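The chain contents come next:
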Amino acid sequence: MKERTNFIIDIGMPPLVEELKSYKGNVVILKEREKMTEEYVYDYEDNVLKIYMKSLNKIDDFDKAMNIINECGIDHIDYIFPFNERKYEVYFEFINKYNIKSNLKENYVKNSKKVVGRKIVNDCFNDVMNSELKDINVDEFVIPCIIKPIVGNGSTDITKINTREELLSFIKNNEVSKYFAEMFIDGKEISIEAIHFNNKHLIYGITRKVKYENSFVEAGHVADYYQLNNKQVEKVMKIYDILGYNDTVSHTEFMLLNDDIVMVESHPRLGGDLIPSFYENKFNENMYEIFVKCLMGKLESVEELQDLKNTMFSIFPIPDYFPSIIELSEENKNDLRTEFGVDILVQSKDNGTLITDLPEDSFDRPLTMRASLDKTIDVDSHMQSIIEYCNTNVFKKQH
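To keep things clear, this report deals only with the structure shown in the data block. (Residues numbered from 1 in each chain as written. Predicted model: local features only at pLDDT ≥ 70, side-chain atom pairs only at ≥ 80, totals over all residues. Heavy atoms only, no water.)

So, the overall build of the chain
No. 1: Each helix and strand counted, the chain has 10 helices and 21 strands in total.
No. 2: For the chain, the C-alpha radius of gyration of 22 Å lies close to 21 Å, the compact-globule estimate for 399 residues.
No. 3: The principal-axis extent of the C-alpha atoms belonging to the chain is close to 55 × 55 × 50 Å.
No. 4: Within the chain, buried positions represent 51% of all 399 residues.
No. 5: In the form shown here, the chain has an accessible surface area of approximately 19400 Å², with 44% of it arising from carbon and sulfur atoms.
No. 6: Computed over 48 positive and 69 negative side-chain charges, the separation of the two mean positions in the chain equals 2 Å. (Helix = DSSP H or I, 4+ residues; strand = E, 2+ residues; numbered from the N terminus. Rg over C-alpha atoms; globule rule 2.2 N^0.38 Å. Buried < 20%, exposed > 50% of the residue type's maximum accessible area, 1.4 Å probe, protein only. Areas by Shrake-Rupley, 256 points an atom, 1.4 Å probe, with all protein chains shown as cover. Lys, Arg positive; Asp, Glu negative; His and termini not counted. Charge placed at Lys NZ, Arg CZ, Asp CG, Glu CD.)

Next up, the structure:
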């Protein structure tokens, strides 16, 4: 029997929201929208309170959110499950101020600075040279390397450095305290989705990343791409132990190097880009019920996972030529459903929007699709067919 419970989350994933609603309380979806002109807007319907704040950077901003929550007749919050690692520090302050239960732990906050989490893992495995940019020795640091924000998400603001001259130029022209550098690894990139409970770690999905050419932004993901060997499993489990994961879910990015596996970054949250939805049918129970029990610290066991019957993937088509405009019709949507097996389609750029270049980050992609495919069909060819359809029928080249 589920007790009446009020939650705050910072994502609007519909099946997760529905599972939280099953606790007969209220679900508060709290998000930041920096481009808003208003300080905040909110909508309260069917026990779901959506609050959009211009800023969620200070505890004062969260105090304002709590005032809105109280004004809507919600007198307390039982749990908060934050998934935006850029906000972990202020969320943790908020959690402690209002004495709210959460899956967010102090060590997760420290590790949200990517260079910290990497250092903890590298101290054990010595896999990847990395350093905060402000501390770097330009003459000795390995080249090529990747420069990333210390705190960031969505494949935002990532730069590959090929020469020491490029490294010096980046240091000269940027605020170095915000970045770190790490050795460039040329391998196949995967993400691993896991649940952590009762001091155990359960991997439920391994997903292949597909990236746009000459870009670090993901162009797609393919489910159950790879089977880890025993050595790799042992290493992944040790990494989870090092990061202190328990009573949480996680999304961890790795590079495959021959028979080794090297951590790129890890976060105690669900994966984005529809990745969790690939694996709903691997569970004998409601996957989102399992997630919520885990985040509440109440998950005791999970039944044996099933194999996926179909290949699940997500894809984010972009024009082959720039500039182009997007014109997605109802007929296009129907074609994508019936001919290509697309069952989720989200359009994030309005029809008529001019697209002039590759996406700057994962938030800049015009279309998001999820599809299911018979395992006898080559997934890469099928994904290419979707891209070709979109370039023929959805993206209109401009002269």
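Thoughts on the environment of E32
No. 1: Inspection of the secondary structure puts E32 in strand β2 (residues 27-32).
No. 2: For the pair E32 and N67, spaced 35 residues apart in sequence, the C-alpha separation works out to 16 Å.
No. 3: A polar contact is formed between the side chain of E32 and the backbone nitrogen of L56, at a distance of 2.8 Å. (Polar contact = N/O pair within 3.5 Å; in protein donor to acceptor, adjacent residues only side chain to side chain.)

A few points about helix α8 (residues 287-295)
No. 1: For α8, the tally of buried residues reaches seven of nine residues, placing the bulk of the element in the interior.
No. 2: Along α8, the positions that sit buried rather than exposed are M287, Y288, I290, F291, V292, C294 and L295.
No. 3: Where the residues of α8 are buried, they touch α1 (14-21), β5 (79-81), β11 (188-197), β12 (200-211) and β14 (248-257).
No. 4: Where α8 starts, the residue carrying a side-chain oxygen 2.8 Å from the main-chain nitrogen of Y288 turns out to be N286.
No. 5: Positioned one or two residues after α8, G297 has a phi angle of 75 degrees, which is positive. (Contact = heavy atoms within 4.5 Å.)

As for the environment of R86
No. 1: Position of R86 among the secondary structure elements: in the loop between β5 and α3 (88-98).
No. 2: Distance from R86 to I150, taken between C-alpha atoms, is 9.5 Å for residues 64 residues apart in sequence.

Details of the pairing of strand β13 (residues 218-222)
No. 1: With five of five residues buried, β13 is to be regarded as a mostly interior element.
No. 2: Note: β12 against β13, four bridges, orientation antiparallel. Across the sheet, residue R208 finds its bridge partner in β13, namely V222.
No. 3: Between β12 and β13, which pair antiparallel one after the other, the connecting turn spans six residues, and N214 there sits at a positive phi close to 60 degrees.
No. 4: As paired elements, β13 and strand β16 (residues 310-315) share three bridges and run antiparallel to each other. Its bridge partner lying in β16, V222 is registered against F313. (Pairing = 2+ DSSP bridges.)

Brief notes about the pattern of salt bridges
No. 1: For the structure shown, the criterion picks out 20 salt bridges.
No. 2: Between K97 and D63 there is a salt bridge, and its shortest N-O distance comes to 2.9 Å. In this pair, K97 sits in helix α3 while D63 sits in helix α2 (residues 59-71), placing the two residues 34 residues apart along the sequence.
No. 3: Residue classification places K97 among the partly exposed residues on the basis of a relative accessible area of 49%.
No. 4: On the basis of relative accessibility, which here comes to 15%, the residue D63 falls in the buried class.
No. 5: A salt bridge links D260 to K235; its shortest N-O distance comes to 3.1 Å. Separated by 25 residues along the polypeptide, D260 in strand β15 (residues 260-267) and K235 in helix α7 (residues 230-243) bring together distant segments of the chain.
No. 6: Three or more residues are tied together by salt bridges with common partners; here these are E18, K21 and D46. (Salt bridge = Lys/Arg side-chain N within 4 Å of Asp/Glu carboxyl O.)

A look at the nonpolar core
No. 1: Counting residues in hydrophobic clusters, the biggest one holds 42 residues, and the most contacted among them are L30, I69, F94 and I192.
No. 2: Considering each element in turn, this core owes the most residues, six residues, to α2.
No. 3: With sequence-adjacent residues up to four places away left out, L30 is seen in contact with I8, I9, D10, I51, M53, L56, F62, A65 and Y91.
No. 4: F7, L20, L299 and L305 belong to the second largest nonpolar core, which has 36 residues in total. (Core = buried A, V, L, I, M, F, W, Y, C linked by side-chain atoms within 4.5 Å.)

Notes on the packing of α1 against α8
No. 1: Between α1 and α8, the shortest axis-to-axis distance is 9 Å and the interhelical angle comes to 65 degrees. Two packed elements cross with a definite hand, and for α1 against α8 that hand is right-handed. Residues P15, L16, E19 and L20 of α1 lie in contact with α8, whose contacting residues are Y288, E289 and V292.
No. 2: Of the residues belonging to the contact of α1 with α8, the class tally is five nonpolar, no polar and two charged. (Axes fitted to C-alpha atoms, helices over the stretch in contact; angles between N-to-C directions. Left-handed = near helix turned anticlockwise from the far one by under 90°. Nonpolar A, V, L, I, M, F, W, Y, C, P; charged D, E, K, R; others polar.)

Considering the sheet that holds strand β19 (residues 354-355)
Two orientations exist for strands paired in a sheet by backbone hydrogen bonds: parallel and antiparallel.
No. 1: In spatial order, the strands read β19-β17-β21; together these three strands make up an open sheet with antiparallel pairing. The strands lining the two open edges of the sheet, one partner per strand, are β19 and β21 (395-397).
No. 2: Where strand β17 (residues 324-326) meets β21, three bridges bridge the pair, whose relative direction is antiparallel. Residue S324 lies in a different strand from β21, and its bridge partner there is K397.

Digging into the packing of α2 against α3
No. 1: Relative to each other, α2 and α3 sit at 55 degrees, their axes nearing to 9 Å. Between α2 and α3, the interaxial angle falls into the category oblique. Considering the relative orientation of α2 and α3, their crossing is right-handed. Residue-level contacts link I59, F62, D63 and M66 of α2 to V90, Y91, E93, F94, K97 and Y98 of α3.
No. 2: Per-class residue counts for the contact of α2 with α3 are seven nonpolar, no polar and three charged. (Parallel < 35°, antiparallel > 145°, perpendicular 65-115°, else oblique.)

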